[in-house]
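Residues per chain are reported as follows:
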Amino acid sequence: MDSLQQRSSTVQEPPGAVGAYRPTPPPAWRPRTDPAPLLPDAEPLRVLGTDAVADADPELLLRLYRELVRGRRYNAQATALTKQGRLAVYPSTTGQEACEVAAALALEERDWLFPSYRDTLAAVARGLDPVQALTLLRGDWHTGYDPHEHRIAPLSTPLATQLPHAVGLAHAARLKGDDVVALAMVGDGGTSEGDFHEALNFAAVWQAPVVFLVQNNGFAISVPLAKQTAAPSLAHKAVGYGMPGRLVDGNDAVAVHTVLTEAVTRARRGGGPTLIEAVTYRIDAHTNADDATRYRGDSEVETWRAHDPILLMERELTERGLLDEDGRRAAAEEAETMAARLRERMNADPVLDPMDLFAHVYAEKTAQLREQAAQLRAELDAESEAG
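Residues numbered from 1 in each chain as written. Predicted model: local features only at pLDDT ≥ 70, side-chain atom pairs only at ≥ 80, totals over all residues. Heavy atoms only, no water.

Q: Please clarify how helix α7 (residues 162–176) should be interpreted in this entry.
A: Structurally, the α-helix is built with 3.6 residues per turn, so residues lying three or four positions apart point the same way. Spanning 15 residues, α7 covers 21 Å between terminal C-alpha atoms, matching the ideal 21 Å at 1.5 Å per step. Those residues of α7 not exposed but buried are Q162, L163, A166, V167, A170, H171 and A173. Tucked inside the fold, the buried residues of α7 contact β3 (112–114), β4 (182–187), α8 (194–206) and β5 (210–216). Positive phi appears at G177, one or two residues downstream of α7, with a value of about 85 degrees. (Helix = DSSP H or I, 4+ residues; strand = E, 2+ residues; numbered from the N terminus. Expected span 1.5 Å × (residues − 1). Buried < 20%, exposed > 50% of the residue type's maximum accessible area, 1.4 Å probe, protein only. Contact = heavy atoms within 4.5 Å.)

Now the structure itself:
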């Protein structure tokens, strides 16, 4: 076979131009799906302040409002606990409560939540004891709760590592025939990690029942989004993996709940994964150890305060006659009761056993682990005898 024949399957010879050719891809290049339906809308979806809010369930609106108020108080109390030395660190979600609360309420009891280290509020809104949600950030052992009991994966401090875990659980559930959806939460900084790519690629190829919620709060610690990606939006990344991308106003609790509920329902029915970008803003610093004034101005923060998720919800409920001063007071009192109980319980010193370091690591301790445990036990016994 001559060279012309060898390349005939991948090139096209223009008429009358012997020896000249124009490369044309083989048929496999063609899109497996139509990309148009996968692209997000040009503007983030909003419900509050639009005609669409008329279709919202009043009970859902009121529940979202109460959870937002409780979440704001939870963030404030947890932040105060760091100043009192009761927490080692706390990554606040003040300003992002709509995403946190909506994520919890969009799931059924049998579903799984895969939070990042910043998503303790989502875990609390799902029903987890606030003290247990803060155990890891307190420096106590392991997660502080039973993930299987609560259907909440361990809080993930390494960025985006929870995403492949969510895909694996969702895929396994589908293979077993379980009617389960996994919701994985991540920040905009986490989308720059390799785990983000791997999770979305596997999820789309396997059509796993998983929903990815990206809380785009503007900064990965001090790095603004514009220095992380040149994409039109993070939601646009979905089309590259073959899944729908949705863009939503992350401070509009009703809009976030709507989009998440639709994505969860779609996943449960076998429609595969969805990538959702919620455009929001963290009012507080990255953590209590961060000085946000070094990389953003007060005017920027104040602009976002005017788009506060609680204010947006209060305005809507008041205009519709669903919320009055008594309702506001009741929500605030409920939140204060929660904060007082959290404060009281966190002020009690935990009873810790250093030997717990070696528990629940392996089903059967390795030789090295046994050696380390024996060494620590000897040191503890020596301290006890000296004391």
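Q: Would you mind showing me how to read the packing of helix α2 (residues 58–83) against helix α9 (residues 253–268) here?
A: Helix-helix packing is characterised by the crossing angle of the two axes and by the distance between the axes. It is at 10 Å that the axes of α2 and α9 come closest, and there the two elements cross at 115 degrees. Comparing the axis directions of α2 and α9 gives the class roughly perpendicular. Taken as a pair, α2 and α9 cross one another with a handedness that is right-handed. On α9, the residues that touch L60, L61, L64 and L68 of α2 are A253, V254 and H257. A class-by-class count of the residues in the contact of α2 with α9 yields six nonpolar, one polar and no charged. (Axes fitted to C-alpha atoms, helices over the stretch in contact; angles between N-to-C directions. Parallel < 35°, antiparallel > 145°, perpendicular 65-115°, else oblique. Left-handed = near helix turned anticlockwise from the far one by under 90°. Nonpolar A, V, L, I, M, F, W, Y, C, P; charged D, E, K, R; others polar.)

Q: What is the right way to read the pattern of salt bridges from this model?
A: Oppositely charged side chains may form a pair once their charged atoms are brought near each other. For the coordinates displayed, the defined rule picks out 16 salt bridges. Among the salt bridges present, the one from K176 reaches D178, with a minimum N-O distance of 3.7 Å. Among the residues examined, D178 registers a relative accessible area of 36% and is labelled partly exposed. Residues R328 and E325 are paired through a salt bridge, measuring 3.6 Å at the closest nitrogen-oxygen approach. Taken together, the residues R328 and E325, both in helix α12 (residues 325–346) and three residues apart, mark about one turn of the helix. (Salt bridge = Lys/Arg side-chain N within 4 Å of Asp/Glu carboxyl O.)

Q: How should I be thinking about the confidence of the model for the chain in this particular structure?
A: For residues with low pLDDT, the predicted coordinates do not support detailed interpretation. Looking at the chain, pLDDT values average 92 and 93% of them are 70 or higher. Across residues 1–11, confidence stays below pLDDT 50; counting only partners more than four residues off in sequence or on other chains, it has eleven contacts. (pLDDT = per-residue confidence, 0-100.)

Q: Would you mind going over the packing of aromatic side chains with me for this structure?
A: Here the distance between the centres and the angle between the planes together describe a pair of aromatic rings. Tallied over the full model, the rule gives five aromatic pairs. Ring centres of Y281 and W304 lie 5.2 Å apart, and the angle between their planes is 5 degrees; this geometry places the pair in the stacked category. Placement of Y281 in the loop between β9 (274–279) and α10 (298–305) and of W304 in helix α10 is noted, with a sequence separation of 23 residues between them. Judged by its relative accessible area of 23%, W304 falls in the partly exposed class. (Phe/Tyr/Trp six-rings, centres within 6.5 Å; stacked < 30°, edge-to-face > 60°.)

Q: Help me out: how do you make sense of the environment of R345 in this one?
A: Within the element layout of this structure, R345 appears in helix α12. In this structure, the C-alpha to C-alpha distance between R345 and P273, residues 72 residues apart in sequence, is 40 Å.

Q: Honestly, the pairing of β4 in this entry has me stumped. Any pointers?
A: Residues in a regular strand project their side chains so that they alternate between the two faces of the sheet. Among the six residues that make up β4, five are buried, leaving the element largely enclosed by the rest of the structure. In this structure, β3 lies alongside β4, joined through three bridges in parallel fashion. Looking across to β4, one finds that L113 is bridged to L183. As paired elements, β4 and β5 share six bridges and run parallel to each other. If you follow G187 over to β5, its bridge partner there is Q215. Crossover connection from β4 via α8 to parallel β5: handedness right-handed. (Pairing = 2+ DSSP bridges. Right-handed = clockwise from strand over helix to strand, strands pointing away.)

Q: I would appreciate a short explanation of the sheet that holds β9 in the present structure.
A: Backbone hydrogen bonds hold the strands of a sheet together, and the pairing may be parallel or antiparallel. Reading across the sheet, the five strands line up as β3-β4-β5-β9-β8 and stay open at both edges, with parallel pairing between neighbours. Edge positions in the open sheet fall to β3 and β8 (245–249), since each of these has one partner strand only. Direction aside, the axes of adjacent strands within the sheet are offset by 20 degrees on average. Lying on the sheet, α9 is in contact with β4, β5, β8 and β9; it crosses β8 at an angle near 155 degrees.

Q: Any chance you could explain the environment of V47 here in plain terms?
A: Here V47 lies in the loop between β2 (22–23) and α2. Between the C-alpha atom of V47 and that of N347, which follows or precedes it by 300 residues, the distance is 41 Å. Those residues in contact with V47 that lie beyond four places of it in its chain are A52, V53, D252, V254, A255 and T258.

Q: Explain the pairing of β8 to me, please; I cannot follow it from the model alone.
A: Burial of β8 is extensive: four of the five residues sit out of reach of the surface. Two elements, β8 and β9, share five bridges in a ladder whose sense is parallel. Each bridged residue has a counterpart across the sheet, and for R246 the counterpart in β9 is I276. Taking the sense of rotation as the criterion, the β-α-β connection linking β8, α9 and β9 turns out right-handed.

Q: Help me understand unusual backbone geometry, please; the structure alone is not making it clear to me.
A: Even without glycine at this site, A160 takes up a positive phi of about 70 degrees. Owing to a relative accessible area of 2%, A160 belongs among the buried residues under this scheme. Even without being glycine, I221 reaches a positive phi, approximately 55 degrees. As for its placement among the helices and strands, I221 is situated in the loop between β6 (219–220) and β7 (223–224). Given the relative accessible area of 43%, I221 is considered partly exposed.

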